[in-house]
Amino acid sequence: MKRVIFTAGILILMLSANVSFAQTKTTKKTTTHKTVVKKTTTKATAAKKPSAADLEAGKGLLAKSDCLSCHKVDMKIVGPAYIDVAKKYPANEANYELLTKKVIAGGSGNWGTTAMAAHPTLAAADVKKMVEYILSLK
Ligand code: HEC
């Protein structure tokens, strides 16, 4: 009788060891899955980058506005060269927003004491395209 109980005890021990082994496996799988999800999120953000067509539209809008009377792509005139702006601000959503506001409001202080004219009549969506184009220059 004692032997039977002992054997049953061993069996139960083995079973529970198996169960916890299985649990460890599940946890590992979940972790792997999380990593995959993170990678997908990064890809989704990268996919939000402006397309070549967006950049071309930004370039066109910029040429139609007054920007080029104060800015050149590769040389400082009244305002900083656009390649220098692109070097200072990495192309990301936060900087698109920041510089869109700056172009619309105008102002000075980031490159010197000369002020940029305000552009209150430009649509934020259009200015954002211009900024996306500027920050793509390097
Ligand atoms: C009257 C001249 C003038 C015009 C017109 C002008 N800019 Fe500027 N821009 C400047 C000056 C000066 C600065 C530097 C401002 C500073 O030091 O903060 C500047 C800065 C900038 C910056 C960088 C801002 C920062 O905070 O670092 C961007 C981007 C920019 N201009 C885009 C544009 C766009 C787009 C247009 C057309 C819609 C435009 N500018 C029209 C003079 C001008």
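What counts and what doesn't
- Residues numbered from 1 in each chain as written.
- Predicted model: local features only at pLDDT ≥ 70, side-chain atom pairs only at ≥ 80, totals over all residues.
- Heavy atoms only, no water.
- Axes fitted to C-alpha atoms, helices over the stretch in contact; angles between N-to-C directions.
- Helix = DSSP H or I, 4+ residues; strand = E, 2+ residues; numbered from the N terminus.
- Parallel < 35°, antiparallel > 145°, perpendicular 65-115°, else oblique.
- Contact = heavy atoms within 4.5 Å.
- Nonpolar A, V, L, I, M, F, W, Y, C, P; charged D, E, K, R; others polar.
- Near = heavy atom within 4 Å.
- Polar contact = N/O pair within 3.5 Å; in protein donor to acceptor, adjacent residues only side chain to side chain.
- Donors = N, O, S within 2.8 Å, 3.2 Å for Na, K, Ca; no water.
- Tetrahedral: all angles 85-135°; square planar, octahedral: opposite > 155°, others 65-115°.
- Buried < 20%, exposed > 50% of the residue type's maximum accessible area, 1.4 Å probe, protein only.
- pLDDT = per-residue confidence, 0-100.

Draft legend 1. Spatial organisation of the packing of helix 2 (residues 52-64) against helix 5 (residues 124-136). Contact pair helix 2 / helix 5: the axes reach a minimum separation of 7 Å and the direction vectors enclose 110°. Between helix 2 and helix 5, the angle falls in the class roughly perpendicular. Contacts from D54, L55, A57, G58, K59, L61 and L62 in helix 2 reach D126, K129, M130, E132, Y133, I134 and S136 in helix 5. Classifying every residue of the contact of helix 2 with helix 5 gives seven nonpolar, two polar and five charged.

Draft legend 2. Molecular detail of the site of the ligand. Close to the ligand lie 28 residues; C67, C70, H71, Y89 and M116 are nearest. One of the backbone N or O atoms of G109 is found 3.3 Å from an oxygen atom in the ligand. For the shell around the ligand, the secondary-structure elements that each account for two or more residues are helix 3 (82-88), helix 4 (93-105) and helix 5. Of all the elements, helix 4 adds the most residues to the shell around the ligand, at three residues. Split into classes, the residues belonging to the shell around the ligand amount to 16 nonpolar, 10 polar and two charged.

Draft legend 3. View of the coordination of the iron atom of the ligand. Within the first shell, the iron atom of the ligand binds the protein through H71 (NE2) and M116 (SD), at distances of 2.0 to 2.1 Å. Coordination at the iron atom of the ligand is octahedral, judged from the six donor atoms that bind it and the angles of 85 to 179° they form at the metal. With H71 in the loop between helix 2 and helix 3 and M116 in the loop between helix 4 and helix 5, the pair connects residues that are 45 residues apart, well separated along the chain. The class of M116 is partly exposed, set by a relative accessible area of 26%.

Draft legend 4. Broad picture of the confidence of the model for the protein. In this model, the protein carries an average pLDDT of 80, and 66% of its residues clear a pLDDT of 70 or more. Scored below 50 in pLDDT, residues 9-13 shows zero contacts in the model against residues more than four places distant or in partner chains. Here residues 35-47 is a poorly scored stretch, pLDDT under 50, and it has zero contacts once near neighbours within four places are set aside; other chains count.

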